[in-house]
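Descriptive analysis of the structure
The lines below spell out each chain.
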Amino acid sequence: AQSVTQLDSHVSVSEGTPVLLRCNYSSSYSPSLFWYVQHPNKGLQLLLKYTSAATLVKGINGFEAEFKKSETSFHLTKPSAHMSDAAEYFCVVNLPGSSNTGKLIFGQGTTLQVKP
Amino acid sequence: EAGVAQSPRYKIIEKRQSVAFWCNPISGHATLYWYQQILGQGPKLLIQFQNNGVVDDSQLPKDRFSAERLKGVDSTLKIQPAKLEDSAVYLCASSLDRARGFTDTQYFGPGTRLTVL
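Criteria and cut-off values
- Counting restarts for each chain, with residues numbered from 1 along the sequence as it is written.
- Written order decides the labels, with chains lettered from A and ligands numbered from 1.
- The predicted origin of the model limits local features to residues at a pLDDT of at least 70 and limits the giving and counting of side-chain atom pairs to 80 or more, whereas totals for whole chains, interfaces and linings rest on all residues.
- Side-chain numbers here rest on the full set of heavy atoms in the structure, without hydrogens or water.
- Secondary structure is summarised from DSSP: a helix means a run of H or I of at least four residues, a strand means a run of E of at least two, and numbering begins at the N terminus for each.
- When we talk radius of gyration, it's over C-alpha atoms, and the globule rule is simply 2.2 Å times the number of residues to the 0.38.
- Exposure categories follow from relative accessible area, calculated using a 1.4 Å probe and restricted to protein chains: below 20% of the type maximum is buried, above 50% is exposed, and the middle band is partly exposed.
- By definition in these notes, contact holds between two residues if any of their heavy atoms fall within 4.5 Å.
- Values of accessible area rely on a 1.4 Å probe in the Shrake-Rupley scheme; residue burial ignores everything except the protein chains shown.
- Note on charges: Lys and Arg go in the positive column, Asp and Glu in the negative column, and His and the chain ends are not counted at all.
- Note on charges: their place is set at NZ of Lys, CZ of Arg, CG of Asp or CD of Glu.
- The term buried area denotes the loss of accessible surface (1.4 Å probe radius) that occurs when two parts are joined, taken as the sum for both partners.
- Whenever two N or O atoms come within 3.5 Å, that pair is a polar contact, provided that in protein one can donate a hydrogen and the other can accept it, and provided that, for residues adjacent in sequence, both atoms are side-chain atoms.
- All residues other than Ala, Val, Leu, Ile, Met, Phe, Trp, Tyr, Cys, Pro, Asp, Glu, Lys and Arg, Gly among them, are scored as polar; the first ten of these are nonpolar and the last four charged.
- In this analysis, rings of Phe, Tyr and Trp, with Trp reduced to its six-membered ring, are considered paired at centre separations within 6.5 Å, and the interplanar angle assigns stacked below 30 degrees, edge-to-face beyond 60, and tilted for intermediate values.
- When a carboxyl oxygen of Asp or Glu lies within 4 Å of a side-chain nitrogen of Lys or Arg, that pair is called a salt bridge.

Right, let's talk about the overall build of chain B for a bit. Across its full length, chain B carries zero helices and eleven strands. Listed N to C, the secondary structure of chain B is β-β-β-β-β-β-β-β-β-β-β in terms of helices and strands. The C-alpha atoms of chain B give 13 Å as radius of gyration, which agrees with the globular expectation for 117 residues (13 Å, within 12%). Considered along the principal axes of its C-alpha atoms, chain B spans approximately 40 × 25 × 25 Å. Within chain B, the proportion of its 117 residues that are buried is 46%. Nonlocal contacts in chain B, meaning residues at least 24 apart in sequence, comprise 54% of its contacts between residues at least 6 apart. Of the roughly 5,700 Å² of accessible surface on chain B, 50% is carried by carbon and sulfur atoms. If you average the places of the 14 positive and of the 11 negative side-chain charges in chain B, the two averages end up 5 Å apart.

Okay, structure coming up:
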């Protein structure tokens, strides 16, 4: 079975310090991987996606993620946190289903808190 | 470019009542999805349409949930009758082309927060 696990339900950092949100996946296929962010009362916004091209993916707002097949990981990082980064982050796997519909499988989410 | 539109944004009903949600996808997007997001969890796919046909409804509780996408554009999701456990945010998303579904990006609307009392 395919799945995605976010290793931390809550991460707290100080403004200006690095951010690391961890994600591991399990898959029998070569997956596409995404990170989405959800601010309170807002829709999900795509941060970045990996689609079997470069393993280091750069996204919006200074975020990036590295696909490591040997570790089945896709961790999200940012060198310096900003107060506006406080939100819920979802690691997402897009896998072909029986009808090749490309189902999205969401992780449980990681709440990022940024302290002044 | 306008994003995915949903209405209403909030809805409070009592159990056993019925409710409907509306979604207007991004113009030109062939594929439309409805997700249920229970508090503290990631979204779960309920149903997926390609144009006006259902591609995947394996997770839709068909005894009480129904959805349609007439003319391959707007979609409605209905719950009848509602249960307490249906309290959640209902998200609509759309993507451009199923043929690229393996890597296609889904764009999400703001969601409808449903509270069942």
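Don't stop here, the text continues.
The partner chain B presents 25 residues to the 26 residues of chain A that form the contact. Summing both partners gives a buried area of about 1,900 Å² for chain A against chain B, and 47% of it is carried by carbon and sulfur. Applying the counting criterion to the chain A and chain B interface returns three residue pairs in polar contact (both at pLDDT 80 or more). Counting residues per element, the side of chain A that touches chain B draws most heavily on strand 5 (residues 32-38) of chain A, which supplies four residues. Per-class residue counts for the side of chain A that touches chain B are ten nonpolar, 13 polar and three charged.

Under the criterion given, the structure shown has 14 aromatic pairs over all chains. Plain terms: the ring middles of Tyr 36 of chain A and Phe 108 of chain B are 5.4 Å apart, the flat faces sit at 80° to each other, and that makes the pair edge-to-face. Of this pair, Tyr 36 of chain A sits in strand 5 while Phe 108 of chain B sits in strand 10 (residues 107-108), on two different chains. Among the aromatic residues, those joined into a ring-pair cluster are Phe 34, Tyr 36, Phe 90 and Phe 106 of chain A together with Tyr 33, Tyr 35 and Phe 108 of chain B.

Further remarks concern the pattern of salt bridges. Residue and element names in this part refer to chain A. Considering all chains together, one arrives at five salt bridges over all chains under this definition. Asp 8 is paired through a salt bridge with Arg 22; the nearest N and O atoms lie 3.0 Å apart. Of this pair, Asp 8 sits in the loop between strand 1 (3-6) and strand 2 (10-14) while Arg 22 sits in the loop between strand 3 (19-21) and strand 4 (23-26), and the two are 14 residues apart along the sequence.

All names here are of chain A. Within the fold, Thr 17 resides in the loop between strand 2 and strand 3. The class of Thr 17 is partly exposed, set by a relative accessible area of 30%. Apart from residues lying up to four places away in sequence, Thr 17 is in contact with Pro 79, Ser 80 and Ala 81.

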